[in-house]
Amino acid sequence: MKGPLFYSKILLFGEYGIIKDSKGLSIPYNFYNGALKVDENPSSEAIKSNESLRKYVVYLEQLQNEQPELVRFNIELLKSDVERGMYFDSSIPQGYGVGSSGALVAAIYDKYADNKITVLENLTREKLLQLKNIFSQMESFFHGKSSGLDPLNSYLSIPILINSKDNIEATGIPTQSTNGKGAVFLLDSGIVGETAPMVNIFMENLKDQGFRTMLKNQFVKYTDACVENFLGGDLKSLFSNTKKLSKVVLNNFKPMIPEQFHGIWQKGIDTNDYYLKLCGSGGGGYILGFTEDLEKAKKSLKDYKLEVVYQF
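Computed from a prediction, not measured in an experiment: that's the story for all the values here.

Draft legend 1. Structural detail: the nonpolar core. Among the nonpolar cores identified, the biggest contains 95 residues, and Leu-12, Ile-108, Tyr-109, Met-138 and Phe-253 are the most heavily contacted of them. Excluding anything up to four places from it in sequence, Ile-108 contacts Leu-36, Leu-53, Tyr-56, Leu-60, Leu-78, Ala-113 and Met-138.

Draft legend 2. Expanded view of the state of the cysteines. Under the defined criterion, the tally for this structure stands at zero disulfides. Between Cys-226, a free cysteine, and Cys-279, which holds the nearest cysteine sulfur, the sulfur-to-sulfur gap is 15 Å. Given a relative accessible area of 0%, Cys-226 falls into the buried group. Under the relative-accessibility criterion, Cys-279 is labelled buried at 2%.

Draft legend 3. Region of interest: helix α1 (residues 44-66). Under the 1.5 Å per step criterion, the end-to-end length of α1 is 34 Å for 23 residues, consistent within 8% with the ideal 33 Å. Considered for burial, the residues of α1 that qualify are Ala-46, Ser-49, Asn-50, Leu-53, Tyr-56, Val-57, Leu-60, Leu-63 and Gln-64. In the core, the buried residues of α1 are packed alongside α2 (75-83), β3 (87-90), α3 (100-112) and α4 (125-143).

Draft legend 4. Geometry of the environment of Tyr-286. Checked against the element boundaries, Tyr-286 lands in strand β8 (residues 286-291). With a relative accessible area of 4%, Tyr-286 lands in the buried category. The sequence separation of Tyr-286 and Glu-40 amounts to 246 residues, and the corresponding C-alpha distance is 34 Å. Polar side-chain contacts of Tyr-286 include one of 3.2 Å to the side chain of Glu-307.

Draft legend 5. Structural view of the side chain of Ser-281. Topologically, Ser-281 is positioned in the loop between β7 (275-278) and β8. Take Ser-281: its relative accessible area is 13%, and that puts it in the buried class. Look past the residues within four positions of Ser-281 in its chain and what remains in contact with it is Tyr-16, Glu-194, Thr-195, Met-198 and Met-256.

Draft legend 6. Looking closely at the sheet that holds strand β9 (residues 306-311). Pairing within the open sheet is antiparallel, and its four strands lie in the order β7-β8-β6-β9. The open sheet terminates on both sides in strands that have one partner only, identified here as β7 and β9. Within this sheet the neighbouring strands show an average axis-to-axis angle of 30 degrees, counted without direction. Sheet analysis places β7 next to β8, joined by four bridges and oriented antiparallel. Bridge assignment links Tyr-275 to a residue of β8, and that residue is Phe-290. Running at roughly 55 degrees to β7, helix α8 (residues 235-252) makes contact with β7 and β8 of the sheet.

Draft legend 7. Summary view of the environment of Lys-305. Among the secondary structure elements, Lys-305 is positioned in the loop between α10 (294-300) and β9. Measuring from C-alpha to C-alpha, the distance between Lys-305 and Phe-185 comes to 9.8 Å, with 120 residues separating the pair along the chain. Setting aside chain neighbours within four positions, we find Lys-305 in contact with Leu-186, Leu-187 and Asp-188.

Draft legend 8. Quick look at the packing of α2 against α3. The N-to-C vectors of α2 and α3 enclose an angle of 125 degrees; their axes lie 10 Å apart at closest approach. Between α2 and α3, the crossing angle belongs to the class labelled oblique. For the pair α2 and α3, the crossing hand works out as right-handed. Taking contact as the criterion, the partners of Leu-77, Leu-78 and Asp-81 in α2 are, on α3, Ile-108, Lys-111 and Tyr-112. Partitioning the contact of α2 with α3 into residue classes produces four nonpolar, no polar and two charged.

Draft legend 9. Main features of the pairing of β9. For β9, the buried fraction is high: five of the six residues fall into the buried class. Strand direction decides the pairing type here: strand β6 (residues 183-188) and β9, joined by five bridges, are antiparallel. Bridged to Leu-186 within β9 is Glu-307.

Draft legend 10. Representation of the side chain of Lys-23. With respect to the helices and strands, the residue Lys-23 is situated in the loop between β1 (6-13) and β2 (24-37). Since its relative accessible area comes to 18%, Lys-23 is described here as buried. Looking at Lys-23, its side chain comes within polar contact range of the side chain of Asn-163, at 3.4 Å. Setting aside residues up to four positions removed in sequence, Lys-23 forms contacts with Phe-13, Gly-14, Ile-18, Ile-162, Asn-163, Thr-223, Asp-224, Val-227 and Glu-228.

Rules of the game
- Residues numbered from 1 in each chain as written.
- Predicted model: local features only at pLDDT ≥ 70, side-chain atom pairs only at ≥ 80, totals over all residues.
- Heavy atoms only, no water.
- Core = buried A, V, L, I, M, F, W, Y, C linked by side-chain atoms within 4.5 Å.
- Buried < 20%, exposed > 50% of the residue type's maximum accessible area, 1.4 Å probe, protein only.
- Contact = heavy atoms within 4.5 Å.
- Disulfide = S-S within 2.5 Å.
- Helix = DSSP H or I, 4+ residues; strand = E, 2+ residues; numbered from the N terminus.
- Expected span 1.5 Å × (residues − 1).
- Polar contact = N/O pair within 3.5 Å; in protein donor to acceptor, adjacent residues only side chain to side chain.
- Pairing = 2+ DSSP bridges.
- Axes fitted to C-alpha atoms, helices over the stretch in contact; angles between N-to-C directions.
- Parallel < 35°, antiparallel > 145°, perpendicular 65-115°, else oblique.
- Left-handed = near helix turned anticlockwise from the far one by under 90°.
- Nonpolar A, V, L, I, M, F, W, Y, C, P; charged D, E, K, R; others polar.

Rendered as structure tokens:
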């Protein structure tokens, strides 16, 4: 048995900000994917994944008992598939901020949810919010607190524009130009990041009035501007606002940036060769980069592995 593929995602803009109602823009990233599978001779990875699915089934059963109006699953089928050794076969790196748990949640909903909302119907704002709410509860098992956006993106496989917590819509993004000089890229930090501790640091920081003011007046302001610039294809303003955002993150989100990257983060701001920002919750995993000149950025970051996500 092998289920359909669910892709990873990249939150281009909005990490942390969306907790405080900033705009956000999330796009599918087809380079990584995962699917539910049963093998005759499972590997040790498959066995580990199956064990974690067993715990997840207990959580999902509890979720539907507590909130029957939110979501119902064919729990019997899910349990018997997990008993048969079902696991999530995924190339999506875990703890890298590209939505490994989101793809798993999407795959489970797709196969086992009753009366599921599908991508084929008219996706009204109400339906998108309903899906986001279901996914938020389903993914909380992995992170403690989830916006539900990662699974939503993975499930629908379309770019999603977050205007605010209660206002999300499917959106189109400017067409890629494969020979364009400008690019969005991923930089591998080589460290696995843990989402929950990073979110906890952020929540602690929110208790500080100065931090809240910085969020509203700088972080959210530049994030919103970047989303609008990107969707409007205004590259000049996009790079100018990404630079401002990169500075704000370096000054105020230090714990989320692995220490050995503080220097190259600053170097990008100083040279204008590239600008770095968090990809997901940070603490490791991928770092997201924006550059007006990909060749320049590659030279400047020659000791690191760059993965191009999008070219303009």
